[in-house]
Amino acid sequence: MIVFIPLYAAFKKVPVYETFIEGAKDGFGTAINIIPHLVGMMVAISMFRASGAMDIMASLIRPMFDGLGIPSEVLPLGLLRPLTGAGSLAFTTELIKTYGPDSMIGRISSTIQGSTDTTLYVLTVYFGAVGIRRSKYALKVGLFSDLVGFFAAIIVCLIVFQ
Amino acid sequence: MVNYIWLFFIAVSFVCAIVNGRMEALTEAAFEGAKSGVTVSFGLISVMVFWMGLMRIGEDAGLLRKIAVMLQPVVRFLFPDVPKGHPALGYIMSNMSANILGLGNAATPMGIKAMQELQKLNPDKETASAAMCTLLALNTSSITLVPTTLIAIRMTYSSVHPAEIVGTTLAATLIATAAAILADRWYRMRDKHKPPKWTDHDSKHHSDAMPQAPPGSAAAGQGKGEAIV
């Protein structure tokens, strides 16, 4: 892909290097823009963990999830994902850092983060841009697909990586 | 909503830290969290810059348009009420292609342009049309082929196989998208069979539509109001 795309583009007479720089600027902006979000969320999560609150919450949820073979550590991610993209990205990063990227928790959280989207943000941006105030059933459909995506990610990972 | 969750995290942490006698650890954890937030963002810069640069080349070379052409039958099936050849369809196809390529930044402006075109077809400018709901369903379930950011983070934490989640992500995203489309179709059907509701908005709209109401009655109404005051 790294070779094919520039070659194909050069064949199509696209100024490859200049175009690359143009797009790369966007990437830099994106990475910088998420710093405040990541700092805010990671502070909160780090405090939540250090205070022992995370352990209490996990011990409450664990019995339900153990029966299904789901690691309870990923549950907060399912709640956070539809609300905040950068926030849930921070949570995923925490999980990967704590348990390792190649652990089951690391794989499941990566898949959840990659396969669902921030429904509330998308709804606000898209409908806000054209002045829609009544969204009808759009939110229900979005949240339903988030729920399906969350469990699909867990089940697919359990099947593939076990 | 996010405000409450954030506040909940911090307030509960504070209470728990007092109960467990971990106040010092709490302060330390706060600064530790801030530090890793910045570290992670900086780690992302290299991969994001490289990937977005490469993808821009792909976009300019017309790969986006190629995928858009391939998606045409799918889009016609999903948006039966948008007339053939309408510009909205073009933007919807571009939006889907960009999502598939993992170009979130390119997908959003095209999604918004698609919404603007759909708004032109929408009889009620404040209520979402069925086509708008379908477009939103596709975007919230986000068909993803390459989860760039996640691969970048996994590389940052020295994963042995950073890209091993591509397959599972694709599978999960296909299931989520299928669920979104099915739910969307179900609501669409239900809306069609249901007689239109007489809502507050409808009645307001109705009175707006009749500006030539007898002037006498309006004057009388006004007079009445003044009399009460």
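Residues numbered from 1 in each chain as written. Chains lettered and ligands numbered in written order. Predicted model: local features only at pLDDT ≥ 70, side-chain atom pairs only at ≥ 80, totals over all residues. Heavy atoms only, no water.

Under the annotation held in an unreviewed UniProt entry, chain B carries the name Nucleoside recognition protein and is attributed to Paenibacillus albus.

Participant: If you had to explain the UniProt feature "transmembrane region" (unreviewed entry) in chain B to someone new, which residues and values would you point to?
Facilitator: When the UniProt feature table is mapped onto this chain, "transmembrane region" (unreviewed entry) is found at residues 37-57, 130-153 and 165-187 of chain B. Annotation note: span residues 37-57 of chain B, helix share 100%, strand share 0%, distance between end C-alpha atoms 30 Å. (UniProt positions renumbered as here; feature names shortened; annotations may be inferred. Helix = DSSP H or I, 4+ residues; strand = E, 2+ residues; numbered from the N terminus.)

Participant: Give me the lowdown on the interface of chain B and chain A, citing residues and values where you can.
Facilitator: Contact residues are listed per partner, giving 95 residues for chain B and 88 residues for chain A. For the chain B and chain A pair, buried surface summed over both sides reaches about 7,800 Å², with 74% attributable to carbon and sulfur atoms. The largest per-residue losses of area from chain B upon contact with chain A belong to Phe9(B), Ile57(B) and Thr140(B), which jointly make up 8% of the total buried on that side. Joining chain B to chain A, the criterion identifies five salt bridges. Between Glu126(B) and Arg133(A) there is a salt bridge; the shortest N-O distance is 2.8 Å. Our count for the chain B to chain A interface comes out at 23 residue pairs in polar contact (both at pLDDT 80 or more). Ranked by the residues each element gives to the side of chain B that touches chain A, the list is headed by helix H2 (residues 23-60) of chain B, at 27 residues. Looking at the side of chain B that touches chain A, its residues break down into 53 nonpolar, 30 polar and twelve charged. (Contact = heavy atoms within 4.5 Å. Buried area = accessible area lost by both parts, 1.4 Å probe. Salt bridge = Lys/Arg side-chain N within 4 Å of Asp/Glu carboxyl O. Polar contact = N/O pair within 3.5 Å; in protein donor to acceptor, adjacent residues only side chain to side chain. Nonpolar A, V, L, I, M, F, W, Y, C, P; charged D, E, K, R; others polar.)

Participant: Explain the packing of aromatic side chains to me, using residue names and the numbers behind them.
Facilitator: All told, the structure shown has eight aromatic pairs over all chains when counted by the stated rule. A ring pair is formed by Phe8(B) and Phe9(B), whose centres lie 6.4 Å apart and whose planes are at 55°; its orientation type is tilted. Its relative accessible area of 46% is what places Phe8(B) among the partly exposed residues. By the ring-pair criterion, three or more aromatic residues cluster together here, those being Phe48(A), Phe8(B) and Phe9(B). Taking NZ or CZ as reference, Arg107(A) lies 4.3 Å from the ring centre of Phe161(A), over its face. When the ring centre of Phe77(B) is taken as reference, the NZ or CZ atom of Arg185(B) above it lies at 4.7 Å. (Phe/Tyr/Trp six-rings, centres within 6.5 Å; stacked < 30°, edge-to-face > 60°. Buried < 20%, exposed > 50% of the residue type's maximum accessible area, 1.4 Å probe, protein only. Lys NZ or Arg CZ within 6 Å of the ring centre and 35° of its normal.)

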